[in-house]
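Residue-level structural notes
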Amino acid sequence: MASNSPTKLSLCFILLIFTCIQSDAAQLQETKITVYLQDRTRGPNTTVVPIAGIHGKAWTFFSFGTVYCTDDPITEGLEESSAQIGRAQGIFVISSLDGSIAHVLLSLVGTNEEYSGSTIEIQGPSRQLEKAREVAVVGGTGKFRYARGYVTFETVILDLANSYSVIRCNITLAQDLFPYDRCT
Ligand SMILES: *[C@@H]1O[C@H](CO)[C@@H](O)[C@H](O)[C@H]1NC(C)=O
Ligand SMILES: *[C@@H]1O[C@H](CO)[C@@H](O)[C@H](O)[C@H]1NC(C)=O
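Quantities reported herein were computed from a predicted structural model and do not represent experimental measurements. (Residues numbered from 1 in each chain as written. Chains lettered and ligands numbered in written order. Predicted model: local features only at pLDDT ≥ 70, side-chain atom pairs only at ≥ 80, totals over all residues. Heavy atoms only, no water.)

Some thoughts on the pairing of strand β8 (residues 147–159)
Looking at chain direction, strand β7 (residues 133–141) and β8 are connected through five bridges and run antiparallel. Within β8, the residue paired with Arg133 across the bridge is Phe153. Counting the residues between successive antiparallel strands, the hairpin from β7 to β8 contains five residues, one of them, Gly142, with a positive phi of roughly 60°. In the sheet, β8 pairs with strand β9 (residues 164–176) via 12 bridges, with the strands oriented antiparallel. Opposite Tyr150, over in β9, you have Thr172 as the bridge partner. Taking the residues that link successive antiparallel strands as the turn, the β8-β9 hairpin has four residues, and the phi of Ser163 there is positive, at about 50°. (Pairing = 2+ DSSP bridges. Helix = DSSP H or I, 4+ residues; strand = E, 2+ residues; numbered from the N terminus.)

Okay, structure coming up:
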């Protein structure tokens, strides 16, 4: 200990910082996944339901204060019959007075062999009138621990007659693979 001159200590400190920056870059991994949300707003297989809203006003996708609960099947492909890999479960509330923004709190919950036990947490405002709505990924579990990034939602099928739509969800994640190893 006595041999630790101030110069030696500061050199150590600089080396430590350098190592941290290096490993920070090396341990981030980007993942891109495209999935589809199968959405039904009416009928026996309804997956989106308004559960609260402003008294005396219509509860719609564009009226402020309306709260929806959702449990959409997540499929690998566009077709409803394609392999189901999870469920998109959560709530969203129309959060802007003009009705154009929905605040989304959504979990993508894996159910197939590959993703069972893994989730992706999505949270933030969704500009409902935009073609591609970008919302933040704020965390995850299982295979997606420490995930952060963003998703885009795009309505790729809109069948109003059957109250059926399909939303393409492109997920882009940056995962810190070894968060506890850094700087040691
Ligand atoms: C509802 O789902 C069941 C089971 O998947 C299916 O057999 C039925 O055809 C669906 N009904 C409608 C109206 O989509
Ligand atoms: C989402 O991914 C699909 C397929 O890779 C691509 O064609 C589409 O342009 C992407 N959408 C956005 C908003 O990036």
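The structure having been displayed, the exposition proceeds.
Observations regarding the packing of aromatic side chains
Using the criterion set out here, one finds four aromatic pairs in the structure. When the centroid spacing of 4.4 Å and the interplanar angle of 10° are considered together, the rings of Phe61 and Tyr68 count as stacked. Measuring from ring centre to ring centre gives 5.1 Å for Tyr68 and Phe92, while their planes differ by 10°; the resulting arrangement is stacked. With Tyr68 in strand β3 (residues 67–75) and Phe92 in strand β4 (residues 84–94), this pair connects stretches of sequence that are 24 residues apart. This pair shows no difference in class: Tyr68 is buried, exactly as Phe92 is. Aromatic rings pair up to connect Phe61, Tyr68 and Phe92 into one cluster. The ring of Tyr115 carries Lys143 above its face, with NZ or CZ at 5.7 Å from the centroid. (Phe/Tyr/Trp six-rings, centres within 6.5 Å; stacked < 30°, edge-to-face > 60°. Buried < 20%, exposed > 50% of the residue type's maximum accessible area, 1.4 Å probe, protein only. Lys NZ or Arg CZ within 6 Å of the ring centre and 35° of its normal.)

Observations concerning unusual backbone geometry
Even without being a glycine, Tyr146 presents a positive backbone phi close to 65°. Mapped onto the fold, Tyr146 is located in the loop between β7 and β8. With a phi angle near 50°, Ser163 is a residue other than glycine that sits in the positive phi range. With respect to the helices and strands, Ser163 occurs in the loop between β8 and β9. Relative accessible area serves as the criterion here: at 9%, Ser163 is assigned to the buried category.

Regarding the environment of Lys131
Counting through the fold element by element, Lys131 comes out in the loop between β6 (119–127) and β7. Taking the C-alpha atoms as reference points, Lys131 and Val156, separated by 25 residues in sequence, lie 9.4 Å from one another. Non-local contacts of Lys131, meaning those with residues more than four positions away in its chain, are made with Phe153, Glu154 and Thr155. (Contact = heavy atoms within 4.5 Å.)

So yeah, pure geometry; function would need other evidence.
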